[in-house]
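Reading the structure
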Amino acid sequence: MMNLDMGLDPQSNMSLSEKLGQISWSLVLLITAVACIGFAMLYSAANGNFDPWATRQIMRFAVGAVIMLVVALIDIRIWLKFSYFLYGIAFFLLIVVEVMGHVGMGAQRWIDLGFMQLQPSELMKVTLVMALARYFHGASLEDTGRITFLIPALIMIVAPVCLVLLQPNLGTSLMLLMVSGAIFWLVGVRLWKFALVIGSVLAAIPVIWHFMHDYQKNRVNTFLNPENDPLGHGYHIMQSKIALGSGGMFGKGFLMGSQSHLNFLPEKQTDFIFTMLAEEMGMVGALVFLVLYTLLLVYGYVIAMRCRHQYGRLVAMGLTVNLFLYMFINIAMVMGLIPVVGVPLPLISYGGSSALTVMTGFGLLLCVHVHRDVRMSRRGMSDF
């Protein structure tokens, strides 16, 4: 007989085979389909060669897929239990970056592990969501209405954001702030508090501008007037717009993009890979790709809504918002709608830390789905 007083439920002691049966394999298939588009684009970026990018990306995806499934099968209450610990590791690595990080392209963002360049700010995108979900798990509206209750959560956000800004990495710091803001809104923080923060930021813009690096100021100026320096700071975005427009309705064909293959398009394997996709596949191909990406977001939203516990809902929604921000910022950036901030396109852009972090995020999303009916106490640890 089920003992409800002990917080037990049918999902408390699922076997491995039962958990595998609960995994949303349609979501796994969708993730794989999007990743295959990325492999094809990296193959094209190398002028019809798997090296140097596509082969490595396929290997990373294979490793990431294993990590994704392992993460999905671990009891979600274990992830809740270690959320603060994982956040602490990511925060410590951000400090390590400041002390002995690897410098690349004018920024100090990586730790050289020998076999890969680890970017701790990517890990923070996931662990911050987990830590905030842990903090707000079981919190009432009365709790979220008290400023004193929100202060520890604000410290958890501001501390890593400041470290990321020092690297400097404005794009990732903005993503951390926006994802955190989404979680604050989901737990019921009043709108006037958001208005107060936004108003304070707007008032501080002159001060922020003063402390911005020259390259960051150039990006803002280039965004406002890219035609003023078409061969200098405005070159990247001008070439991106030319490539987007030249693709037309149906594109120039796979491996036939002139802007990318004649090396006019910068960073075609990373930040500007969507531009190459649109040039070769046209507006129709780009829209098909966006539909697939939208389906990923829909899956995330549905998984969050079907979850019975607050921790899972917040993790799923936080990671879904994070995925949306990746997509929106990258695509808006290459279209010239926002300044260039160097945010990759998940599953498509070439990269190590970002690829593995995104796959870990998908693993947590699947984990929420597998353990959606697990009952948790307010502390979340009644069954341990």
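So, how was this worked out
- Residues numbered from 1 in each chain as written.
- Predicted model: local features only at pLDDT ≥ 70, side-chain atom pairs only at ≥ 80, totals over all residues.
- Heavy atoms only, no water.
- Helix = DSSP H or I, 4+ residues; strand = E, 2+ residues; numbered from the N terminus.
- Buried < 20%, exposed > 50% of the residue type's maximum accessible area, 1.4 Å probe, protein only.
- Lys, Arg positive; Asp, Glu negative; His and termini not counted.
- Salt bridge = Lys/Arg side-chain N within 4 Å of Asp/Glu carboxyl O.
- Polar contact = N/O pair within 3.5 Å; in protein donor to acceptor, adjacent residues only side chain to side chain.
- Contact = heavy atoms within 4.5 Å.
- Core = buried A, V, L, I, M, F, W, Y, C linked by side-chain atoms within 4.5 Å.
- Axes fitted to C-alpha atoms, helices over the stretch in contact; angles between N-to-C directions.
- Parallel < 35°, antiparallel > 145°, perpendicular 65-115°, else oblique.
- Left-handed = near helix turned anticlockwise from the far one by under 90°.
- Nonpolar A, V, L, I, M, F, W, Y, C, P; charged D, E, K, R; others polar.
- Patch = residues over 30% accessible without salt bridge, like charges linked within 9 Å, V, L, I, M, F, W, Y side chains within 5 Å.
- Areas by Shrake-Rupley, 256 points an atom, 1.4 Å probe, with all protein chains shown as cover.
- Phe/Tyr/Trp six-rings, centres within 6.5 Å; stacked < 30°, edge-to-face > 60°.

This next bit is on the side chain of Lys 268. Here Lys 268 shows up in the loop between α14 (258–261) and α15 (273–306). Despite its burial, Lys 268 pairs with no opposite charge, the nearest such side chain being Glu 280 at 8.3 Å. Of note is the side chain of Lys 268, whose polar atom sits 3.2 Å from the backbone oxygen of Ala 45. Of note is the side chain of Lys 268, whose polar atom sits 2.9 Å from the backbone oxygen of Ser 260. For Lys 268, the residues in contact, after removing those within four places along its chain, are Ala 45, Ser 260, His 261, Asn 263, Ile 273 and Met 276.

Okay, the pattern of salt bridges next. A side chain with one charge can pair with a side chain of the opposite charge if their charged atoms come near. Taken as a whole, this structure holds four salt bridges when the rule is applied. A salt bridge links Lys 125 to Glu 122; its shortest N-O distance comes to 3.1 Å. Within this pair, Lys 125 and its partner Glu 122 are both found in helix α6 (residues 120–136), separated by three residues, close to a single helical turn. Residue class for Lys 125 comes out buried when judged on its relative accessible area of 3%. Note on Glu 122: relative accessible area 3%, which makes it buried.

Looking now at the nonpolar core. Grouped together as the largest cluster of nonpolar side chains are 99 residues, with contacts concentrated most on Phe 136, Leu 296, Leu 347 and Phe 362. In terms of residues, this core owes the most to one element, helix α16 (residues 310–334), which gives 14 residues. Setting aside residues no more than four positions away along its own chain, Phe 136 makes contact with Thr 144, Phe 149, Leu 150, Ala 153, Ile 183, Phe 184, Val 187, Gln 310 and Leu 314. Leu 93, Val 96, Val 97 and Leu 118 belong to the second-largest nonpolar core, a separate cluster that totals five residues.

Here we come to the packing of helix α3 (residues 54–73) against helix α17 (residues 353–370). Geometrically, a packed helix pair is captured by the angle between its two axes and the distance between the axes. One can describe the packing of α3 onto α17 by two numbers: an axis separation of 8 Å at closest approach and a directional angle of 30°. Regarding the angle of α3 to α17, the classification is roughly parallel. The chirality of how α3 crosses α17 is right-handed. Mapping the contact onto sequence places Gln 57, Arg 60, Phe 61, Val 63, Gly 64, Ala 65, Ile 67, Met 68, Val 71 and Ala 72 in α3 and Ala 355, Leu 356, Met 359, Thr 360, Phe 362, Gly 363, Leu 364, Leu 366, Cys 367 and Val 370 in α17. Of the residues contributing to the contact of α3 with α17, the split by class is 15 nonpolar, four polar and one charged.

Another point: a nonpolar patch on the surface. On the surface, Met 249, Phe 250, Met 283, Val 284, Leu 287 and Val 288 cluster together into a nonpolar patch covering about 580 Å² of accessible area. On the secondary structure map, Met 283 appears in helix α15.

Glancing now at the packing of aromatic side chains. If you walk through the whole model with that rule in mind, you get 12 aromatic pairs. Their ring planes at 15° and their centres at 6.3 Å tell us that Tyr 43 and Phe 254 sit as a pair that is stacked. Of this pair, Tyr 43 sits in helix α2 (residues 25–45) while Phe 254 sits in the loop between α13 (235–246) and α14, placing them 211 residues apart in sequence. The exposure class assigned to Phe 254 is partly exposed, which follows from its relative accessible area of 35%. Through successive ring pairs, a cluster of aromatic residues spans Tyr 135, Phe 136, Phe 149 and Phe 184.

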